[in-house]
Amino acid sequence: MKIVVTGTSGRIGRAIHFNLCRDHQVVGIDRNPSSATSHLGNIDDLAFLTRAFEGADAVIHTAALHAPHVDLESENDFERINIEGTRNVVRAALENGIHRLVYTSTTALFGYASWHPEQAVWVDEETEPQPRSIYHRTKLATEHYLES
């Protein structure tokens, strides 16, 4: 299979890339160079994604601004990359006839719901998210978009 992995300069994207490249042709996408990145560009660039997805059978989408970026990037940048960028990933996949898409999210979107000062807190499918930061809010909004 030819598989596109977004966010390959990040820890998760790079790990997925190197695991898959043993048995598959893997295309790595990121805005920053890394040993796993073959295509430099932004996920908010639909034309770039559409070209990079050509001939692919599946997409694994890990690219996102995340917790370390909260104090460094604007809320608009989080929305542009995490929400609109994911919409572009979906559009580019569909334009290329790709019907396999894996989206990586985070349990961090549960924010306050996953924290208690005196006891462990279990997070499962019944836990209501209580986001604390723009990162949590954009990941949750993206999950809602993908569910729809």
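What this report covers is the structure whose coordinates are included nearby. (Residues numbered from 1 in each chain as written. Predicted model: local features only at pLDDT ≥ 70, side-chain atom pairs only at ≥ 80, totals over all residues. Heavy atoms only, no water.)

Okay, the overall build of the protein chain next. Within the protein chain, the regular secondary structure consists of four helices and five strands. Moving toward the C terminus, one meets the helices and strands of the protein chain in the order β-α-β-β-α-β-α-β-α. The C-alpha atoms of the protein chain give 16 Å as radius of gyration, which agrees with the globular expectation for 148 residues (15 Å, within 12%). Taken along the three principal axes of its C-alpha coordinates, the protein chain extends 50 × 30 × 30 Å. Partitioning the intrachain contacts of the protein chain with sequence separation of at least 6 by distance along the chain shows that 56% fall at a separation of at least 24. With the model as given, the accessible surface of the protein chain reaches about 8500 Å², and the carbon-plus-sulfur share is 49%. The protein chain carries 13 positive and 20 negative side-chain charges, and their two centres are separated by 6 Å. (Helix = DSSP H or I, 4+ residues; strand = E, 2+ residues; numbered from the N terminus. Rg over C-alpha atoms; globule rule 2.2 N^0.38 Å. Contact = heavy atoms within 4.5 Å. Areas by Shrake-Rupley, 256 points an atom, 1.4 Å probe, with all protein chains shown as cover. Lys, Arg positive; Asp, Glu negative; His and termini not counted. Charge placed at Lys NZ, Arg CZ, Asp CG, Glu CD.)

Next up on the list: a negative patch on the surface. A contiguous patch of negative charge on the surface is contributed by Asp124, Glu125, Glu126 and Glu128. Along the chain, Glu126 turns up in the loop between strand E5 (101–103) and helix H4 (134–147). By relative accessible area, which is 68% here, Glu126 ends up exposed. (Patch = residues over 30% accessible without salt bridge, like charges linked within 9 Å, V, L, I, M, F, W, Y side chains within 5 Å. Salt bridge = Lys/Arg side-chain N within 4 Å of Asp/Glu carboxyl O. Buried < 20%, exposed > 50% of the residue type's maximum accessible area, 1.4 Å probe, protein only.)

Another aspect to go through is the packing of aromatic side chains. Remark: the centre distance and the inter-plane angle together describe each pair of aromatic rings, the angle taken between the planes. A full pass over the atoms with the stated rule returns zero aromatic pairs. Above the ring of Tyr145, the side-chain terminus of Arg87 is found at 4.9 Å from the ring centroid. (Phe/Tyr/Trp six-rings, centres within 6.5 Å; stacked < 30°, edge-to-face > 60°. Lys NZ or Arg CZ within 6 Å of the ring centre and 35° of its normal.)

Taken as a whole, the largest pocket encloses approximately 590 Å³ of empty space. Lining of the largest pocket is provided by 26 residues; of these, Gly10, Thr62, Ala63, Ala64 and His66 occupy positions nearest its centre. In terms of residue count, the dominant contributor to the lining of the largest pocket is helix H1 (residues 11–20) (three residues). Of the residues in the lining of the largest pocket, the class split is eight nonpolar, 13 polar and five charged. (1 Å grid on protein atoms, 1.4 Å probe; cavity = no way out; pocket = protein on both sides within 12 Å on 5 of 7 lines; lining within 4 Å. Points joined across faces, edges and corners; volume = space filled by probe spheres on them. Nonpolar A, V, L, I, M, F, W, Y, C, P; charged D, E, K, R; others polar.)

Moving on, we get to the side chain of His69. Its location among the elements puts His69 in the loop between strand E4 (58–61) and helix H3 (75–95). Among residues more than four places away in sequence, those in contact with His69 are Arg31, Ala64 and Phe78.

This brings us to the pairing of E4. Side-chain alternation along E4 places Ala58 and Ile60 on one buried face and Val59 and His61 on a second face that is also buried. Judged from the three bridges that link them, E4 and E5 form a sheet pairing that is parallel. Residue pairing for E5: Ile60 is matched across the bridge by Val102. Remark: the E4/H3/E5 crossover connection has right-handed handedness. (Pairing = 2+ DSSP bridges. Right-handed = clockwise from strand over helix to strand, strands pointing away.)

For H4, with 14 residues, the first-to-last C-alpha span of 20 Å sits near the 20 Å given by 1.5 Å per residue. Looking at the packing, one finds that the buried side of H4 touches H3 and E5. (Expected span 1.5 Å × (residues − 1).)

What follows deals with the pairing of strand E2 (residues 25–30). The two faces of the sheet receive side chains in turn, since in a regular strand these alternate between them. Of all six residues that make up E2, five are buried, and the element is covered over most of its length. Considered for its hand, the β-α-β crossover made up of strand E1 (residues 2–6), H1 and E2 is right-handed. By the bridge criterion, two bridges tie E2 to strand E3 (residues 39–40) in an arrangement that is parallel. Bridge assignment links Ile29 to a residue of E3, and that residue is His39.

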